[in-house]
Amino acid sequence: MREIGKRGFGESEELRGLLLNPHLRQLLLTIDQAEEKSSLMKKYMQEPLFVEFADCCLRIVEPPEKENILPE
């Protein structure tokens with residue numbers, strides 16, 4: 001398993017841009033403060049902005065494999 005530090009999340013311009021969105025920030029605060037985080041996460045996975053944020057985080061944690069690329 002690869003180690004994730006500043007290099008992953010801290011260097012992502014896409015993630016930084018998403019986190020500037022006040023609506024997303026409010027969603028994240030609400031999840032953080034909720035007692036029923038699991039059910040709230042299910043609800044928020046219907047929100048395109050939250051899904052975009054989650055996908056961005058997943059791409060940082062596990063970048064997509066470069067499949068079907070021929071060596072030069």
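Residues numbered from 1 in each chain as written. Predicted model: local features only at pLDDT ≥ 70, side-chain atom pairs only at ≥ 80, totals over all residues. Heavy atoms only, no water.

- An unreviewed UniProt entry lists the protein chain under the name Zinc finger HIT domain-containing protein, with Callipepla squamata as the source organism.

Some words on the environment of Met 45
- Among the structural elements, Met 45 can be located in the loop between helix 4 (37–44) and helix 5 (48–61).
- Of the residues examined, Met 45 reaches a relative accessible area of 38% and is grouped as partly exposed.
- Beyond its immediate sequence surroundings of up to four residues, Met 45 is in contact with Phe 50, Val 51 and Ala 54. (Helix = DSSP H or I, 4+ residues; strand = E, 2+ residues; numbered from the N terminus. Buried < 20%, exposed > 50% of the residue type's maximum accessible area, 1.4 Å probe, protein only. Contact = heavy atoms within 4.5 Å.)

Observations regarding the pattern of salt bridges
- Inspection of the entire model under this criterion finds 2 salt bridges.
- Taking the shortest distance from any N to any O, the salt bridge between Arg 16 and Glu 13 comes out at 3.4 Å. Here Glu 13 and Arg 16 lie together in helix 2 (residues 13–19), a separation of 3 residues that amounts to about one turn.
- The exposure class assigned to Glu 13 is exposed, which follows from its relative accessible area of 56%. (Salt bridge = Lys/Arg side-chain N within 4 Å of Asp/Glu carboxyl O.)

Some points on the packing of helix 3 (residues 22–33) against helix 4
- Relative orientation of the contacting elements helix 3 and helix 4 amounts to 155 degrees, with a least axis distance of 9 Å. What the angle tells us is that helix 3 and helix 4 run roughly antiparallel. Two packed elements cross with a definite hand, and for helix 3 against helix 4 that hand is right-handed. Taking contact as the criterion, the partners of Leu 27, Thr 30, Ile 31, Asp 32 and Gln 33 in helix 3 are, on helix 4, Lys 37, Leu 40, Met 41 and Tyr 44.
- Tallied by class, the residues present in the contact of helix 3 with helix 4 amount to 5 nonpolar, 2 polar and 2 charged. (Axes fitted to C-alpha atoms, helices over the stretch in contact; angles between N-to-C directions. Parallel < 35°, antiparallel > 145°, perpendicular 65-115°, else oblique. Left-handed = near helix turned anticlockwise from the far one by under 90°. Nonpolar A, V, L, I, M, F, W, Y, C, P; charged D, E, K, R; others polar.)

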